[in-house]
Amino acid sequence: MKHFSPLNLLYNALIIFVVAAVFFGATPMVACASVAAGAITGTAMSFVPKGLAFMAIQKEIWLNHIEEEIFKDNSFLKDSFKANDFVVGGRAVHVPQSGGSGNVVKNRATLPATVRKRNDTDVIYLLDEYTSDPVLIPNIDTMELSYDKRSSVLGEDQDKLKQTVAEETIYNWLNSPAYTGYGATSLPSTQVLETTGANDGVPAASGATGTRKRATIKDLQRMATKFRTENRWFEGQMTALLTPQDLEDMFPADSTTTATYMQSVTEQERRNGIMYKAQGWNIKSRSSVTRLNDAGTILTPEAVGSATDDAASLFWYKNAVEFAMGDIVFFDDLGNPVYYGDVYSFLVRAGGRARRADYKGIALLKQAKTA
(Lines give C-alpha, C1' and ligand atoms only; values in the text may rest on other atoms or scores of the structure.)
Protein backbone atom coordinates (compact mmCIF):
# COMPACT_ATOMS: atom_id res chain seq x y z
CA MET A 1 0.00 0.00 0.00
CA LYS A 2 1.27 3.49 -0.89
CA HIS A 3 1.34 6.21 1.78
CA PHE A 4 1.37 9.97 1.32
CA SER A 5 4.50 11.64 2.70
CA PRO A 6 4.40 15.44 3.10
CA LEU A 7 8.18 15.55 3.52
CA ASN A 8 8.74 13.73 0.23
CA LEU A 9 6.29 16.07 -1.51
CA LEU A 10 8.05 19.11 -0.07
CA TYR A 11 11.45 17.77 -1.10
CA ASN A 12 10.34 17.04 -4.68
CA ALA A 13 8.62 20.44 -5.00
CA LEU A 14 11.67 22.26 -3.67
CA ILE A 15 14.03 20.60 -6.15
CA ILE A 16 11.72 21.35 -9.06
CA PHE A 17 11.21 24.95 -7.89
CA VAL A 18 14.97 25.61 -7.71
CA VAL A 19 15.49 24.32 -11.24
CA ALA A 20 12.45 26.14 -12.65
CA ALA A 21 13.42 29.42 -10.98
CA VAL A 22 16.67 29.46 -12.94
CA PHE A 23 14.71 29.58 -16.20
CA PHE A 24 11.46 31.33 -15.31
CA GLY A 25 12.20 33.31 -12.14
CA ALA A 26 11.06 32.72 -8.55
CA THR A 27 7.38 33.70 -8.91
CA PRO A 28 4.28 32.47 -7.00
CA MET A 29 3.06 30.82 -10.21
CA VAL A 30 6.30 28.85 -10.53
CA ALA A 31 6.02 27.81 -6.87
CA CYS A 32 2.47 26.47 -7.36
CA ALA A 33 3.48 24.62 -10.50
CA SER A 34 6.44 23.08 -8.64
CA VAL A 35 4.14 21.67 -5.95
CA ALA A 36 1.91 20.11 -8.59
CA ALA A 37 4.85 18.68 -10.51
CA GLY A 38 6.34 17.34 -7.28
CA ALA A 39 3.15 15.49 -6.47
CA ILE A 40 2.97 13.96 -9.95
CA THR A 41 6.62 12.86 -10.09
CA GLY A 42 6.51 11.58 -6.52
CA THR A 43 3.45 9.47 -7.27
CA ALA A 44 5.04 8.07 -10.43
CA MET A 45 8.34 7.24 -8.68
CA SER A 46 6.51 5.44 -5.87
CA PHE A 47 5.65 2.66 -8.34
CA VAL A 48 9.32 2.14 -9.31
CA PRO A 49 10.76 -0.85 -7.39
CA LYS A 50 13.15 0.14 -4.62
CA GLY A 51 16.68 0.74 -5.89
CA LEU A 52 15.82 0.01 -9.54
CA ALA A 53 15.99 3.59 -10.76
CA PHE A 54 19.41 4.23 -9.28
CA MET A 55 21.01 0.81 -8.99
CA ALA A 56 23.15 0.93 -12.16
CA ILE A 57 24.47 4.42 -11.58
CA GLN A 58 25.25 3.59 -7.95
CA LYS A 59 27.36 0.62 -9.02
CA GLU A 60 29.39 2.72 -11.43
CA ILE A 61 29.97 5.39 -8.82
CA TRP A 62 31.08 2.87 -6.21
CA LEU A 63 33.49 1.14 -8.63
CA ASN A 64 35.07 4.43 -9.67
CA HIS A 65 35.30 5.43 -6.04
CA ILE A 66 37.19 2.26 -5.10
CA GLU A 67 39.72 2.70 -7.93
CA GLU A 68 40.29 6.35 -7.03
CA GLU A 69 40.76 5.53 -3.35
CA ILE A 70 43.38 2.85 -4.06
CA PHE A 71 45.61 5.50 -5.65
CA LYS A 72 44.56 8.41 -3.44
CA ASP A 73 46.84 7.61 -0.49
CA ASN A 74 49.20 5.37 -2.46
CA SER A 75 50.35 7.64 -5.27
CA PHE A 76 53.63 5.74 -5.44
CA LEU A 77 51.79 3.03 -7.41
CA LYS A 78 51.64 5.48 -10.31
CA ASP A 79 55.44 5.68 -10.34
CA SER A 80 55.72 2.36 -12.14
CA PHE A 81 55.34 0.75 -15.55
CA LYS A 82 51.60 0.53 -16.23
CA ALA A 83 50.72 -3.00 -17.32
CA ASN A 84 46.95 -2.45 -17.49
CA ASP A 85 47.02 -2.71 -21.30
CA PHE A 86 48.48 -6.22 -20.99
CA VAL A 87 45.76 -7.54 -18.68
CA VAL A 88 43.87 -10.43 -20.30
CA GLY A 89 40.33 -11.18 -19.17
CA GLY A 90 40.76 -9.01 -16.08
CA ARG A 91 42.69 -11.82 -14.38
CA ALA A 92 46.17 -12.26 -15.91
CA VAL A 93 49.00 -10.17 -17.34
CA HIS A 94 50.66 -11.17 -20.62
CA VAL A 95 53.72 -9.06 -21.49
CA PRO A 96 55.96 -9.77 -24.52
CA GLN A 97 59.57 -9.71 -23.27
CA SER A 98 62.32 -8.49 -25.61
CA GLY A 99 65.30 -10.78 -26.17
CA GLY A 100 67.66 -7.80 -25.92
CA SER A 101 69.86 -5.93 -28.37
CA GLY A 102 72.88 -7.19 -30.28
CA ASN A 103 76.49 -6.00 -30.26
CA VAL A 104 77.74 -2.78 -31.81
CA VAL A 105 81.12 -3.02 -33.58
CA LYS A 106 83.33 -0.03 -34.33
CA ASN A 107 84.90 -0.03 -37.83
CA ARG A 108 83.71 -3.55 -38.64
CA ALA A 109 86.38 -5.32 -40.66
CA THR A 110 84.85 -8.77 -41.15
CA LEU A 111 82.01 -9.12 -43.64
CA PRO A 112 79.46 -10.51 -43.96
CA ALA A 113 78.43 -9.85 -40.38
CA THR A 114 76.88 -12.66 -38.41
CA VAL A 115 73.09 -12.48 -38.57
CA ARG A 116 71.48 -12.46 -35.17
CA LYS A 117 67.97 -13.67 -34.36
CA ARG A 118 66.27 -12.07 -31.41
CA ASN A 119 64.55 -14.66 -29.23
CA ASP A 120 61.65 -12.97 -27.50
CA THR A 121 59.78 -14.56 -24.61
CA ASP A 122 56.47 -14.02 -22.86
CA VAL A 123 55.86 -13.06 -19.26
CA ILE A 124 52.52 -14.30 -17.92
CA TYR A 125 51.32 -14.02 -14.34
CA LEU A 126 48.00 -14.03 -12.52
CA LEU A 127 46.77 -10.97 -10.67
CA ASP A 128 46.14 -11.32 -6.96
CA GLU A 129 42.51 -11.25 -5.86
CA TYR A 130 41.50 -9.02 -2.95
CA THR A 131 37.99 -9.25 -1.51
CA SER A 132 36.38 -7.20 1.24
CA ASP A 133 34.19 -8.71 3.94
CA PRO A 134 30.50 -8.18 3.11
CA VAL A 135 28.99 -5.14 4.79
CA LEU A 136 25.33 -4.78 5.76
CA ILE A 137 23.59 -1.44 5.27
CA PRO A 138 20.14 -1.45 6.90
CA ASN A 139 17.42 0.69 5.33
CA ILE A 140 19.69 2.17 2.68
CA ASP A 141 18.39 5.19 0.80
CA THR A 142 17.04 4.55 -2.68
CA MET A 143 18.42 7.91 -3.79
CA GLU A 144 21.86 8.05 -5.45
CA LEU A 145 24.51 8.02 -2.72
CA SER A 146 26.65 11.09 -2.20
CA TYR A 147 30.43 11.01 -1.90
CA ASP A 148 30.33 11.46 1.87
CA LYS A 149 27.71 8.75 2.26
CA ARG A 150 29.70 6.29 0.16
CA SER A 151 32.87 7.03 2.13
CA SER A 152 30.99 6.44 5.37
CA VAL A 153 29.56 3.13 4.15
CA LEU A 154 32.92 1.80 2.98
CA GLY A 155 34.66 3.13 6.08
CA GLU A 156 37.43 1.05 7.56
CA ASP A 157 36.89 -1.79 5.07
CA GLN A 158 37.80 0.54 2.22
CA ASP A 159 40.93 1.73 4.02
CA LYS A 160 41.97 -1.86 4.66
CA LEU A 161 41.43 -2.79 1.02
CA LYS A 162 43.65 -0.04 -0.40
CA GLN A 163 46.27 -0.58 2.31
CA THR A 164 46.44 -4.29 1.54
CA VAL A 165 46.74 -3.77 -2.23
CA ALA A 166 49.58 -1.26 -1.72
CA GLU A 167 51.54 -3.35 0.79
CA GLU A 168 51.20 -6.56 -1.20
CA THR A 169 52.32 -4.75 -4.35
CA ILE A 170 55.48 -3.55 -2.59
CA TYR A 171 56.12 -7.12 -1.47
CA ASN A 172 55.68 -8.39 -5.04
CA TRP A 173 58.12 -5.78 -6.32
CA LEU A 174 60.69 -7.19 -3.89
CA ASN A 175 59.64 -10.85 -4.20
CA SER A 176 58.44 -11.55 -7.71
CA PRO A 177 56.20 -14.63 -7.74
CA ALA A 178 56.68 -17.54 -10.10
CA TYR A 179 55.15 -17.12 -13.55
CA THR A 180 55.38 -18.74 -16.96
CA GLY A 181 59.04 -19.30 -17.85
CA TYR A 182 60.36 -17.77 -14.62
CA GLY A 183 60.79 -18.98 -11.06
CA ALA A 184 60.12 -16.99 -7.93
CA THR A 185 62.94 -14.59 -7.03
CA SER A 186 63.76 -12.19 -4.22
CA LEU A 187 65.67 -8.92 -3.98
CA PRO A 188 69.38 -9.85 -3.60
CA SER A 189 71.36 -8.61 -0.61
CA THR A 190 73.51 -6.51 -2.96
CA GLN A 191 70.47 -4.26 -3.44
CA VAL A 192 70.20 -3.45 0.29
CA LEU A 193 72.11 -0.56 1.86
CA GLU A 194 72.08 0.34 5.55
CA THR A 195 71.61 3.68 7.28
CA THR A 196 74.79 5.42 8.47
CA GLY A 197 73.62 8.17 10.83
CA ALA A 198 73.75 8.62 14.60
CA ASN A 199 73.22 5.61 16.87
CA ASP A 200 70.15 6.97 18.66
CA GLY A 201 67.58 6.19 15.98
CA VAL A 202 64.17 4.74 16.82
CA PRO A 203 63.40 1.25 15.40
CA ALA A 204 60.54 1.68 12.93
CA ALA A 205 59.59 -1.97 12.38
CA SER A 206 56.51 -3.18 14.29
CA GLY A 207 57.60 -5.06 17.41
CA ALA A 208 61.28 -4.09 17.07
CA THR A 209 63.28 -3.01 20.10
CA GLY A 210 66.65 -1.41 20.80
CA THR A 211 68.14 1.42 18.76
CA ARG A 212 69.03 1.87 15.10
CA LYS A 213 71.27 4.18 13.10
CA ARG A 214 69.44 7.22 11.81
CA ALA A 215 68.93 7.82 8.09
CA THR A 216 70.70 10.86 6.61
CA ILE A 217 70.77 12.90 3.42
CA LYS A 218 74.14 11.28 2.77
CA ASP A 219 72.30 7.95 2.55
CA LEU A 220 70.20 9.44 -0.26
CA GLN A 221 73.41 10.37 -2.04
CA ARG A 222 74.86 6.88 -1.52
CA MET A 223 71.72 5.37 -2.98
CA ALA A 224 71.85 7.70 -6.00
CA THR A 225 75.48 6.71 -6.58
CA LYS A 226 74.50 3.05 -6.54
CA PHE A 227 71.80 3.56 -9.17
CA ARG A 228 74.13 5.61 -11.38
CA THR A 229 76.82 2.95 -11.14
CA GLU A 230 74.30 0.33 -12.26
CA ASN A 231 73.16 2.53 -15.19
CA ARG A 232 69.66 2.69 -13.68
CA TRP A 233 69.55 6.44 -13.06
CA PHE A 234 67.07 8.46 -15.11
CA GLU A 235 66.44 12.06 -14.11
CA GLY A 236 62.89 12.81 -13.02
CA GLN A 237 61.95 9.12 -12.80
CA MET A 238 63.52 8.21 -9.47
CA THR A 239 61.27 7.65 -6.44
CA ALA A 240 62.12 7.17 -2.77
CA LEU A 241 59.33 5.84 -0.55
CA LEU A 242 60.49 6.56 3.00
CA THR A 243 59.22 5.19 6.27
CA PRO A 244 57.93 7.94 8.59
CA GLN A 245 61.00 7.49 10.79
CA ASP A 246 63.46 7.85 7.90
CA LEU A 247 61.52 10.90 6.74
CA GLU A 248 61.83 12.48 10.19
CA ASP A 249 65.55 11.65 10.43
CA MET A 250 66.39 13.08 7.00
CA PHE A 251 64.13 16.11 7.04
CA PRO A 252 63.84 17.49 10.60
CA ALA A 253 61.20 20.19 10.93
CA ASP A 254 63.59 22.72 12.50
CA SER A 255 66.13 22.53 9.67
CA THR A 256 66.44 25.35 7.11
CA THR A 257 67.70 22.73 4.64
CA THR A 258 64.39 20.89 4.96
CA ALA A 259 62.54 24.05 3.96
CA THR A 260 64.74 24.31 0.86
CA TYR A 261 63.96 20.73 -0.18
CA MET A 262 60.26 21.40 0.37
CA GLN A 263 60.26 24.58 -1.71
CA SER A 264 61.70 22.72 -4.68
CA VAL A 265 58.41 20.81 -5.05
CA THR A 266 55.76 22.28 -7.34
CA GLU A 267 52.08 22.35 -6.40
CA GLN A 268 51.29 19.69 -9.02
CA GLU A 269 54.05 17.44 -7.67
CA ARG A 270 52.73 17.95 -4.15
CA ARG A 271 49.27 16.80 -5.29
CA ASN A 272 50.98 13.67 -6.65
CA GLY A 273 52.38 12.84 -3.24
CA ILE A 274 55.90 14.28 -3.54
CA MET A 275 56.93 15.87 -0.23
CA TYR A 276 60.55 16.80 -0.94
CA LYS A 277 63.08 16.61 -3.78
CA ALA A 278 66.62 15.82 -2.69
CA GLN A 279 69.70 14.31 -4.35
CA GLY A 280 67.61 13.69 -7.48
CA TRP A 281 64.96 11.67 -5.64
CA ASN A 282 61.24 12.42 -5.56
CA ILE A 283 60.57 11.82 -1.88
CA LYS A 284 57.30 10.21 -0.81
CA SER A 285 56.26 8.48 2.40
CA ARG A 286 53.65 6.10 3.78
CA SER A 287 52.84 4.60 7.17
CA SER A 288 54.89 1.47 6.45
CA VAL A 289 57.04 0.28 3.56
CA THR A 290 58.73 -3.07 4.24
CA ARG A 291 60.59 -5.03 6.94
CA LEU A 292 63.47 -7.47 7.02
CA ASN A 293 64.22 -10.03 9.72
CA ASP A 294 67.64 -10.47 11.32
CA ALA A 295 68.66 -12.88 8.55
CA GLY A 296 67.90 -10.28 5.87
CA THR A 297 64.73 -11.93 4.59
CA ILE A 298 62.01 -9.54 3.43
CA LEU A 299 58.89 -10.17 5.49
CA THR A 300 55.36 -10.45 4.18
CA PRO A 301 53.02 -7.60 5.20
CA GLU A 302 51.04 -9.89 7.49
CA ALA A 303 54.10 -11.42 9.23
CA VAL A 304 54.19 -10.97 13.02
CA GLY A 305 56.86 -8.51 14.10
CA SER A 306 59.99 -9.47 16.00
CA ALA A 307 62.32 -7.50 18.29
CA THR A 308 65.21 -7.87 15.82
CA ASP A 309 63.32 -6.84 12.66
CA ASP A 310 64.51 -3.83 10.69
CA ALA A 311 62.31 -1.40 8.75
CA ALA A 312 63.43 -0.28 5.30
CA SER A 313 62.62 2.45 2.80
CA LEU A 314 62.22 1.64 -0.89
CA PHE A 315 64.02 3.28 -3.85
CA TRP A 316 63.35 2.59 -7.51
CA TYR A 317 63.48 3.72 -11.12
CA LYS A 318 60.00 4.06 -12.61
CA ASN A 319 60.30 1.35 -15.27
CA ALA A 320 62.04 -1.12 -12.96
CA VAL A 321 58.72 -2.09 -11.37
CA GLU A 322 55.32 -2.93 -12.79
CA PHE A 323 51.74 -2.57 -11.56
CA ALA A 324 48.51 -3.73 -13.13
CA MET A 325 44.85 -3.55 -12.13
CA GLY A 326 42.30 -5.94 -13.52
CA ASP A 327 38.68 -6.48 -12.54
CA ILE A 328 36.96 -4.34 -9.95
CA VAL A 329 33.68 -6.06 -9.13
CA PHE A 330 30.81 -4.75 -7.02
CA PHE A 331 28.58 -7.35 -5.39
CA ASP A 332 25.20 -6.40 -4.00
CA ASP A 333 22.24 -8.19 -2.50
CA LEU A 334 19.48 -5.61 -2.19
CA GLY A 335 16.63 -6.13 0.25
CA ASN A 336 18.03 -9.31 1.76
CA PRO A 337 15.16 -10.80 3.80
CA VAL A 338 17.51 -12.49 6.28
CA TYR A 339 19.57 -9.41 7.16
CA TYR A 340 16.74 -6.88 6.67
CA GLY A 341 18.89 -4.64 4.55
CA ASP A 342 21.32 -4.47 1.66
CA VAL A 343 24.63 -6.39 1.63
CA TYR A 344 27.67 -5.18 -0.33
CA SER A 345 31.19 -6.41 -0.98
CA PHE A 346 34.01 -5.71 -3.42
CA LEU A 347 36.57 -7.68 -5.38
CA VAL A 348 39.74 -6.12 -6.78
CA ARG A 349 42.36 -7.87 -8.89
CA ALA A 350 45.82 -6.28 -8.91
CA GLY A 351 49.42 -7.38 -9.21
CA GLY A 352 52.99 -6.31 -9.78
CA ARG A 353 56.55 -7.50 -10.23
CA ALA A 354 60.17 -6.45 -10.63
CA ARG A 355 60.81 -6.12 -14.36
CA ARG A 356 64.42 -7.32 -14.24
CA ALA A 357 65.56 -10.67 -12.86
CA ASP A 358 68.62 -9.02 -11.28
CA TYR A 359 66.45 -6.34 -9.59
CA LYS A 360 68.66 -3.54 -10.91
CA GLY A 361 66.77 -0.28 -10.50
CA ILE A 362 65.30 -1.34 -7.12
CA ALA A 363 66.98 -1.03 -3.72
CA LEU A 364 66.24 -0.82 -0.01
CA LEU A 365 67.70 1.43 2.70
CA LYS A 366 67.49 -0.67 5.86
CA GLN A 367 67.80 0.67 9.38
CA ALA A 368 71.20 -0.52 10.62
CA LYS A 369 71.48 -1.93 14.13
CA THR A 370 73.78 -0.12 16.53
CA ALA A 371 76.70 -1.99 18.04
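Residues numbered from 1 in each chain as written. Predicted model: local features only at pLDDT ≥ 70, side-chain atom pairs only at ≥ 80, totals over all residues. Heavy atoms only, no water.

Summing up its helical and strand segments, the protein has eight helices and 15 strands in all. Going through the 371 residues of the protein one by one, you find that 39% of them count as buried. When contacts within the protein are restricted to residue pairs at least 6 apart in sequence, long-range pairs at least 24 apart make up 74% of them. Counting only carbon and sulfur atoms, one obtains 56% of the accessible surface of the protein, whose full area is about 20,500 Å². (Helix = DSSP H or I, 4+ residues; strand = E, 2+ residues; numbered from the N terminus. Buried < 20%, exposed > 50% of the residue type's maximum accessible area, 1.4 Å probe, protein only. Contact = heavy atoms within 4.5 Å. Areas by Shrake-Rupley, 256 points an atom, 1.4 Å probe, with all protein chains shown as cover.)

With that out of the way, let us pick up the packing of aromatic side chains. One pass over the full model with this rule turns up 12 aromatic pairs. Among the aromatic side chains, those forming a connected cluster through ring pairs are Phe227, Trp233, Trp281 and Phe315. Over the face of the ring belonging to Trp233 we find Arg228, whose NZ or CZ atom lies 4.1 Å from the ring centre. Sitting above the plane of the Phe81 ring, Arg355 keeps its charged end 3.7 Å from the centroid. (Phe/Tyr/Trp six-rings, centres within 6.5 Å; stacked < 30°, edge-to-face > 60°. Lys NZ or Arg CZ within 6 Å of the ring centre and 35° of its normal.)

Turning our attention to unusual backbone geometry. Look at the link from Leu111 to Pro112: it is a cis peptide, with omega at 0°. Inspection of the secondary structure assignment puts Pro112 in the loop between strand 3 (92-97) and strand 4 (121-126). Unlike most non-glycine residues, Gln279 shows phi in positive territory, near 55°. Structurally, the position occupied by Gln279 is in the loop between strand 9 (276-278) and strand 10 (281-285). In this structure Gln279 comes out as partly exposed when scored by relative accessible area, which is 31%. With a phi angle near 60°, Tyr359 is a residue other than glycine that sits in the positive phi range. Mapped onto the fold, Tyr359 is located in the loop between strand 14 (341-354) and strand 15 (362-366). We classify Tyr359 as buried; its relative accessible area is 1%.

Further remarks concern the confidence of the model for the protein. Considering every residue of the protein, the mean pLDDT works out to 81; 71% of them sit at 70 or more. Residue range residues 43-57 is modelled with pLDDT below 50. Its contacts to residues more than four positions away, or to other chains, number 13 contacts. (pLDDT = per-residue confidence, 0-100.)

Another aspect to go through is the environment of Asn231. Tracing the sequence through the fold places Asn231 in the loop between helix 5 (217-229) and strand 8 (238-242). Owing to a relative accessible area of 59%, Asn231 belongs among the exposed residues under this scheme.

As a further point, take the environment of Met262. Tracing the chain through its elements places Met262 in helix 7 (residues 256-263). Residue class for Met262 comes out partly exposed when judged on its relative accessible area of 37%. With 16 residues separating them in the primary sequence, Met262 and Ala278 have C-alpha atoms 9.0 Å apart. Beyond its immediate chain neighbours, meaning those up to four positions away, Met262 contacts Arg270, Met275 and Tyr276.

With respect to the secondary-structure elements, Arg349 resides in strand 14. For Arg349, a relative accessible area of 7% gives the class buried. Within polar-contact distance, the side chain of Arg349 engages the side chain of Asp327 at 2.9 Å. What Arg349 contacts, discounting residues up to four positions off in sequence, is Gly90, Arg91, Leu127, Asp128, Glu129, Ala324, Met325, Gly326 and Asp327. (Polar contact = N/O pair within 3.5 Å; in protein donor to acceptor, adjacent residues only side chain to side chain.)

Reported here for the second largest pocket is a volume of approximately 320 Å³. Around the second largest pocket, the lining comprises 19 residues; the ones closest to its centre are Glu167, Ser288, Val289, Thr290 and Arg291. The set of elements that each furnish at least two residues to the lining of the second largest pocket consists of helix 4 (147-174), helix 6 (244-250) and strand 11 (290-292). It is helix 4 that provides the largest number of residues to the lining of the second largest pocket, a total of three residues. (1 Å grid on protein atoms, 1.4 Å probe; cavity = no way out; pocket = protein on both sides within 12 Å on 5 of 7 lines; lining within 4 Å. Points joined across faces, edges and corners; volume = space filled by probe spheres on them.)

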